[in-house]
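# Observations on the model geometry
Here is what each chain is made of, one letter per residue.
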Amino acid sequence: MKGPRTVMPVLDAVVRRTNFDEVACGYTLEDAQLEASRCLDCKNPRCIAACPVAINIPKFIGELIEGNLDQAYFTIYDDNVLPSICGRVCPQEKQCEGACIVGIKGEPVSIGALERFLGDYSLENDVLEKRTIIDNGIKVGIVGSGPAGLANAAEMRKKGYSVDIFEALHDFGGVLKYGIPDFRLPKDIVTTEVNRLKDMGVKFHKNVVIGKSITIDQLLNEEGYQSLFLGSGAGLPSPLGVPGENLSGIYYANEFLTRVNLMKSHKFPESATPVKIGQRVAVVGGGNVAMDAARTAKRLGAKEVFILYRRDMESLPARLEEIHHAIEEDIDFRLTLNPVEFIGENYRLKQVRCEIMELGERDKSGRRRPMPTGTYKTFEIDSCVISIGQKPNPILKESEADLEVDKWGRIVTDNHQTSIPGVFAGGDVVSGAATVILAMGAGKDASVEMDKYIKSKQSE
Amino acid sequence: MYKILEKKVLNIDVDLMVVEAPLVARNALPGHFIILRVDELGERIPLTIVDIDGQNVSIIYQKLGYSTSLLGELKVGDEILDFVGPLGKPAHIHDVKTVLGIAGGVGAAPLLPQLKEYAARGIKVDLVIGARNKDYIILLDKYEEICENIYIATDDGSLGTKGFVTTVLTELYKTKKYDQTIAIGPLVMMKFVVAMNKKYNVPTDVSLNPIMIDGTGMCGNCRVTIDGKTFFACIDGPDFPGEGVDFDELIARQDYYSEEEHICNLKLVKK
Ligand SMILES: Cc1cc2nc3c(=O)[nH]c(=O)nc-3n(C[C@H](O)[C@H](O)[C@H](O)COP(=O)(O)OP(=O)(O)OC[C@H]3O[C@@H](n4cnc5c(N)ncnc54)[C@H](O)[C@@H]3O)c2cc1C
Ligand SMILES: Cc1cc2nc3c(=O)[nH]c(=O)nc-3n(C[C@H](O)[C@H](O)[C@H](O)COP(=O)(O)OP(=O)(O)OC[C@H]3O[C@@H](n4cnc5c(N)ncnc54)[C@H](O)[C@@H]3O)c2cc1C
Ligand code: SF4
Ligand code: SF4
Ligand code: FES
């Protein structure tokens, strides 16, 4: 059996509650090599199969042990153009690390932390693969600059296409910029990764809402784009659907997190967009978004921040590391509670009333199903952040009747191809809210289909 | 960057700006709006598209607080950092014979493109326009080109009837009937106009102005309750039939950040 994991240093839990600095500090080279030495270099590596983009994990780990850091980075980059990001935010325990053989009897190899180390090494030392791109002059367009769009852009550019990314907001990165907070993913890392794509020749256009500023039809038929990739994400918040949900003081997580991450409201009034959270904050939900919202509220100075979740602790869908960090930061978990009503005074939130749940049989997801009990509990609160899920916004569909979507507004695809010829899609807009690496995988796979489509059209 | 090509002072608080923004102009229709950001630490603020001319977009803004005042400091030749649109759904242009526009204050700006569209379709349009005093009545010359009758109200009686737009409406409805009205102005004004029109059985379209951030349906800040159901003003509106709107809730939501807006204004004074 292998020894314990090499621990990554973290900021002190009391200090970090007052700032937005990154919590996990990263490995030194010695740490990384020590951790890498725990890998058994399996003949049939289970970790690779569990990584959605199939990074050759034992190969990069071996190169890291040998001190060949540039090559180790290139090995990752072949399959994943955003290692610094995925190393930080992948739910590794459910993917690569969850499958690692060392994890059967002990703790799995910290694959994510090693990937992050190499990604950061390349950013800090400006290590880039020298690759000559032979321009083919063929225009392709990408809608949305989240991980799906970025991964698609990188692949299409490598193949020589002239790539334009259109982003509705004033900054690039999608959820990586407006959703995931700085203390988990510093924004300059996202900016640096975006700049690398710019250096490769990908053209970025902000403030362009496809379907409004210009339509899919206009891009294809008036502007000469040969193929499009839709990576517009799942940004539209899902409501709880309970009385009082529009009282002032109730935020959807997107609004709350966008105010802080994209609009920098924690620097108000230097930054002109305010955010107001009060002293007692309830966060509804148990995923990454809920953890981010709760930990952000704490950093804005709230005294009492608690999670309201309708199942138990073991069912929380958030990344394990985020749950641990939230507990350390004094976030209270109030479990088996389901909000049923918000109560206000003069339209301002005062209380949330919750039904106490009981856990029944395990459902399809393997988690115990929450059942209503008919008994209730009420909490006094100043604000509430609803973080229970998202679906795609209706803008693309409304502007393009031919674009087929399902009843949740998700774009229907067949091998990444949408119902409109030449138009491909991937990421959250197809899957519903999922993960960064799945979105990137979809963007990458779609690039293969786009390339095939364009070539077959040209040989016609 | 979006270049300011023209700037006109309409009154001490209100300016018109023509901005070069080809991708906003390309598909814009009456009722659409834009969201702009003046500088790197600026707020995203929504403003209605008042006119389109080739690649250029006109906006009219009232210097109400920090961000609109910052915008007002820009001059011809300066550039606005971010300017995105057209956002929202275009206004519903009903198939009717007579329309009455009801404008309060700077609401006269967003109303203009809608009334113009009705007039262009050969529909008879009248206007009731109200403001604090005569200096705040804007765009009269533009409205004179398209309206048959214009009725003015000022709080202090310095022009037209002394009183509110509702004062004028009470008189007007004694002799006239309209198929459709469109009311745009402060929320309280729209609330009272809708209540009054209900009594006279006249439908009222309103243009709602909740606080917005992205304008693409992402944040949910702009939500409004209409007939007990939730709508996002940026993607479902901003134009809605006024009858079912929960104005009191919306007024509270619009007011939620008033203390912070005050802090921002102090920053202006210091500057
Ligand atoms: C708070 C939060 C925390 C998360 N934490 C994690 C985590 O720890 N680990 C993890 O793996 N996943 C996490 N996720 C999920 C992950 O971020 C998403 O699955 C991923 O970002 C989806 O990528 P995407 O490219 O499909 O879409 P997005 O990242 O949503 O990007 C879509 C982009 O398209 C733009 N857009 C939308 N419509 C248009 C249009 N009409 N025209 C032009 N542009 C448009 C949007 O503005 C946006 O920038 C988290 C999500 C949130 C919200
Ligand atoms: C669809 C739409 C169209 C609009 N069209 C026009 C127009 O054509 N001309 C015009 O003068 N005004 C218009 N407005 C209102 C304009 O957006 C606000 O006056 C402006 O944002 C005020 O910002 P401020 O910082 O100057 O003032 P602040 O002091 O911040 O606020 C003054 C008032 O504006 C509201 N407000 C603040 N921030 C926002 C925001 N981000 N979004 C919306 N409202 C906000 C506040 O609730 C407050 O009542 C429109 C609003 C919407 C939603
Ligand atoms: S991309 Fe994610 S799943 Fe794949 S190896 Fe890296 S951390 Fe693991
Ligand atoms: S499964 Fe674990 S031990 Fe085996 S190669 Fe992958 S990381 Fe190394
Ligand atoms: S402004 Fe964000 S959803 Fe409407």
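Residues numbered from 1 in each chain as written. Chains lettered and ligands numbered in written order. Predicted model: local features only at pLDDT ≥ 70, side-chain atom pairs only at ≥ 80, totals over all residues. Heavy atoms only, no water.

## As for the overall build of chain B
Across its full length, chain B carries nine helices and 17 strands. Relative to the globule expectation of 18 Å for 271 residues, the C-alpha radius of gyration of chain B, 18 Å, shows essentially globular dimensions. The buried share among the 271 residues of chain B stands at 58%. Here chain B has roughly 11200 Å² of accessible surface; of this, 54% comes from carbon and sulfur atoms. Here chain B contributes 29 positively and 38 negatively charged side chains, and the mean placements of these two sets differ by 1 Å. (Helix = DSSP H or I, 4+ residues; strand = E, 2+ residues; numbered from the N terminus. Rg over C-alpha atoms; globule rule 2.2 N^0.38 Å. Buried < 20%, exposed > 50% of the residue type's maximum accessible area, 1.4 Å probe, protein only. Areas by Shrake-Rupley, 256 points an atom, 1.4 Å probe, with all protein chains shown as cover. Lys, Arg positive; Asp, Glu negative; His and termini not counted. Charge placed at Lys NZ, Arg CZ, Asp CG, Glu CD.)

## Observations regarding the state of the cysteines
The final tally for this structure, using the stated rule, is zero disulfides over all chains. For Cys86 of chain A, which is in no disulfide, the shortest distance to another cysteine sulfur is to Cys90 of chain A and amounts to 4.6 Å. (Disulfide = S-S within 2.5 Å.)

## A word on the site of ligand 4
The environment of ligand 4 is made up of Cys39, Leu40, Cys42, Cys47, Pro58, Cys100, Ile101, Val102 and Ile111 of chain A. Considering only residue class, the shell around ligand 4 consists of nine nonpolar, no polar and no charged. (Near = heavy atom within 4 Å. Nonpolar A, V, L, I, M, F, W, Y, C, P; charged D, E, K, R; others polar.)

## Re the interface of chain B and chain A
Contact with chain B, which involves 47 residues of that partner, is made by 47 residues of chain A. At the boundary of chain B with chain A, total buried surface from both sides reaches about 4200 Å², with 54% on carbon and sulfur atoms. Taken together, chain B and chain A are joined by five salt bridges. At the boundary of chain B with chain A, the tally comes to 28 residue pairs in polar contact (both at pLDDT 80 or more). Of all the secondary-structure elements, those providing two or more residues to the side of chain B that touches chain A are strand S8 (82-87), strand S15 (223-226), strand S16 (229-232), helix H8 (247-255) and helix H9 (258-270) of chain B. (Contact = heavy atoms within 4.5 Å. Buried area = accessible area lost by both parts, 1.4 Å probe. Salt bridge = Lys/Arg side-chain N within 4 Å of Asp/Glu carboxyl O. Polar contact = N/O pair within 3.5 Å; in protein donor to acceptor, adjacent residues only side chain to side chain.)

## Section: the nonpolar core
In terms of nonpolar packing, the biggest core is built from 70 residues, with Phe60, Leu64, Ile85 and Leu114 of chain A touching the most fellow members. Both domains that furnish three or more residues to this core are identified here as domain 1 (13-125) and domain 2 (139-235 + 391-458) of chain A. Setting aside residues no more than four positions away along its own chain, Ile85 of chain A makes contact with Leu176, Leu185, Ile189, Val190, Glu193 and Val436 of chain A. Formed by 57 residues, the second largest nonpolar core is a distinct cluster that contains Ile386 of chain A together with Phe33, Ile226 and Cys234 of chain B. (Core = buried A, V, L, I, M, F, W, Y, C linked by side-chain atoms within 4.5 Å. Domains from an automatic or database assignment.)

## Things to note about the pattern of salt bridges
Residue and element names in this part refer to chain A. Scanning all chains against the criterion turns up 50 salt bridges over all chains. Lys59 serves as the salt-bridge partner of Glu63, at 3.2 Å between the closest nitrogen and oxygen. With Glu63 and Lys59 both in helix H4 (residues 57-65), this residue pair falls four residues apart, about one helical turn. In this structure Lys59 comes out as partly exposed when scored by relative accessible area, which is 39%. Note that Arg295 is salt-bridged to Glu329, the shortest N-O span being 3.0 Å. Of the two residues, Arg295 sits in helix H15 (residues 288-299) while Glu329 sits in the loop between helix H16 (320-328) and strand S9 (332-334), which places them 34 residues apart along the sequence. By the burial criterion, Arg295 is buried, and Glu329 matches it.

## Side note on the domain arrangement of chain A
Residues and elements named next belong to chain A. You can read the domains of chain A as domain 1 (13-125), domain 2 (139-235 + 391-458) and domain 3 (239-388). For domain 2 versus domain 3, the separation of C-alpha centres amounts to 30 Å. Contacts between the two partners involve 14 residues from domain 2 and, on the opposite side, 14 residues from domain 3. Of the roughly 1100 Å² buried between domain 2 and domain 3 on both sides combined, carbon and sulfur atoms contribute 54%. For domain 2, the biggest contributors to the area lost against domain 3 are Tyr178, Phe183 and Arg184; these three give 52% of the whole. The interface formed by domain 2 and domain 3 includes two salt bridges.

## Regarding the confidence of the model for chain B
Per-residue confidence for chain B gives a mean pLDDT of 93; residues scoring 70 or more make up 99%. Predicted complex, confidence summary: ipTM 0.93, pTM 0.93. (pLDDT = per-residue confidence, 0-100.)

## Some remarks on the confidence of the model for chain A
Mean pLDDT over chain A works out to 93, with 100% of the residues at or above the 70 mark. Taken element by element, chain A is modelled with least confidence in helix H1 (residues 13-16) of chain A, mean pLDDT 86, and with most confidence in strand S2 (residues 162-166) of chain A, mean pLDDT 98.

## Quick look at a nonpolar patch on the surface
Residue and element names in this part refer to chain A. A surface patch of nonpolar side chains, about 270 Å² in accessible area, is lined by Leu40, Ile101 and Ile104. Along the chain, Ile101 falls in the loop between helix H7 (96-99) and helix H8 (102-105). Residue classification places Ile101 among the partly exposed positions, given a relative accessible area of 33%. (Patch = residues over 30% accessible without salt bridge, like charges linked within 9 Å, V, L, I, M, F, W, Y side chains within 5 Å.)

## Here's the deal with the environment of Glu145 of chain B
Within the secondary structure layout, Glu145 of chain B lies in helix H4 (residues 140-146). As for Glu145 of chain B and Asp156 of chain B, which are separated by 11 residues in sequence, their C-alpha atoms are 26 Å apart.

## Things to note about the packing of aromatic side chains
Tallying each qualifying case throughout the model produces 12 aromatic pairs over all chains. Arranged with centres 5.9 Å apart and planes meeting at 70°, the rings of Phe424 of chain A and Tyr453 of chain A form a pair that is edge-to-face. Residue Phe424 of chain A is located in strand S15 (residues 423-425), and its partner Tyr453 of chain A is located in helix H19 (residues 436-458); the two are separated by 29 residues in the primary sequence. Here Tyr173 of chain B and Tyr200 of chain B contribute two aromatic rings whose centre-to-centre distance is 4.7 Å and whose plane-to-plane angle is 50°, an arrangement assigned as tilted. Of the two residues, Tyr173 of chain B sits in helix H5 (residues 165-175) while Tyr200 of chain B sits in the loop between helix H6 (187-199) and strand S14 (204-207), which places them 27 residues apart along the sequence. Looking at Tyr173 of chain B, the relative accessible area reads 9%, which means it is buried. You can call Tyr200 of chain B partly exposed: its relative accessible area is 34%. One aromatic cluster in this structure is built from Tyr73, Phe74 and Tyr77 of chain A. Between Arg299 of chain A and the ring centre of Phe183 of chain A, over which it is positioned, the NZ or CZ distance is 3.8 Å. (Phe/Tyr/Trp six-rings, centres within 6.5 Å; stacked < 30°, edge-to-face > 60°. Lys NZ or Arg CZ within 6 Å of the ring centre and 35° of its normal.)

## A few points about helix H12 (residues 187-199) of chain A
Residue and element names in this part refer to chain A. Compared with an ideal rise of 1.5 Å per residue, which puts 13 residues at 18 Å, H12 spans 18 Å between its outermost C-alpha atoms and is within 8% of the ideal. For H12, the full list of buried residues reads Lys187, Ile189, Val190, Glu193, Val194, Arg196 and Leu197. In the stretch just after H12, Gly201 is the one whose phi turns positive, near 105°. (Expected span 1.5 Å × (residues − 1).)

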